[in-house]
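A closer look at the structure
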Amino acid sequence: PHDFEYLFLEHMPKRNNPELVGRKGYSWGGPRNRWCTSMLKIRIINKYLRELSKQYTLVQYVGIAADEPHRVRDLRYPLIEWGMTEKDCLEYCKARGFDWDGLYDIFHRVSCWCCPLQSFDEMRKLRKHFPELWRKLAEWDKKTWRKFTKYYSVEELETRFAYEDELLA
């Protein structure tokens with residue numbers, strides 16, 4: 001019923017941590033608190049599948065590649081069964097005309113552009129190739145109460161990346 005931006009900035013969740021009581025929004029996700037993945041992906045998929053399972057016997061297939069076996073749980077993983085790595089899957093898709101507007105030519109992985117769990121290298125690429133999204137990231141960062149990463153706000157990353165650009169120029 002609510003989008004990422006609302007949950008991120010406006011929602012007033014019940015909080016167990018007294019230091020967070022009264023703070024709006026879930027703020028940036030992190031390694032131990034990936035609220036966005038659970039609320040905006042997993043919960044929605046599971047709710048949909050629960051409804052379907054009332055009428056059908058379901059088998060859930062998950063697209064985890066053969067070079068990611070640590071992510072396997074108790075579902076079906078055809079890419080692993082077929083021995084297809086991420087690289088194999090990308091080559092397969094590209095050979096059939098999928099190019100994702102060149103995003104995989106820029107980024108190593110393509111997922112949520114605003115994720116603070118991406119590498120600094122991916123953040124640098126976002127800043128360089130998608131400055132409007134980088135500005136949106138900075139705008140959101142100024143409206144929330146948690147740093148973008150453990151050590152950096154988006155503004156601090158901007159300063160760091162600009163300094164690196166100067167050094168390389």
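Up top is the structure.
Residues numbered from 1 in each chain as written. Predicted model: local features only at pLDDT ≥ 70, side-chain atom pairs only at ≥ 80, totals over all residues. Heavy atoms only, no water.

**Some remarks on a nonpolar patch on the surface**
- A cluster of nonpolar residues, Y163, L167 and L168, forms a patch on the protein surface that exposes about 400 Å² of accessible area.
- Following the sequence through the fold, L168 ends up in helix α8 (residues 154–168).
- Taking the relative accessible area as the measure of exposure, L168 reaches 74% and is therefore exposed. (Patch = residues over 30% accessible without salt bridge, like charges linked within 9 Å, V, L, I, M, F, W, Y side chains within 5 Å. Areas by Shrake-Rupley, 256 points an atom, 1.4 Å probe, with all protein chains shown as cover. Salt bridge = Lys/Arg side-chain N within 4 Å of Asp/Glu carboxyl O. Helix = DSSP H or I, 4+ residues; strand = E, 2+ residues; numbered from the N terminus. Buried < 20%, exposed > 50% of the residue type's maximum accessible area, 1.4 Å probe, protein only.)

**Points about the pattern of salt bridges**
- Taken as a whole and judged by the stated rule, the model has 18 salt bridges.
- The partner of K136 in a salt bridge is E139, with the nearest N and O atoms 3.7 Å apart. Of this pair, K136 and E139 are both found in helix α7 (residues 131–143), 3 residues apart, which corresponds to roughly one turn of the helix.
- Since its relative accessible area comes to 34%, E139 is described here as partly exposed.
- When salt bridges with common partners are traced through the structure, they connect E5, K136, E139 and K143 into a single cluster.

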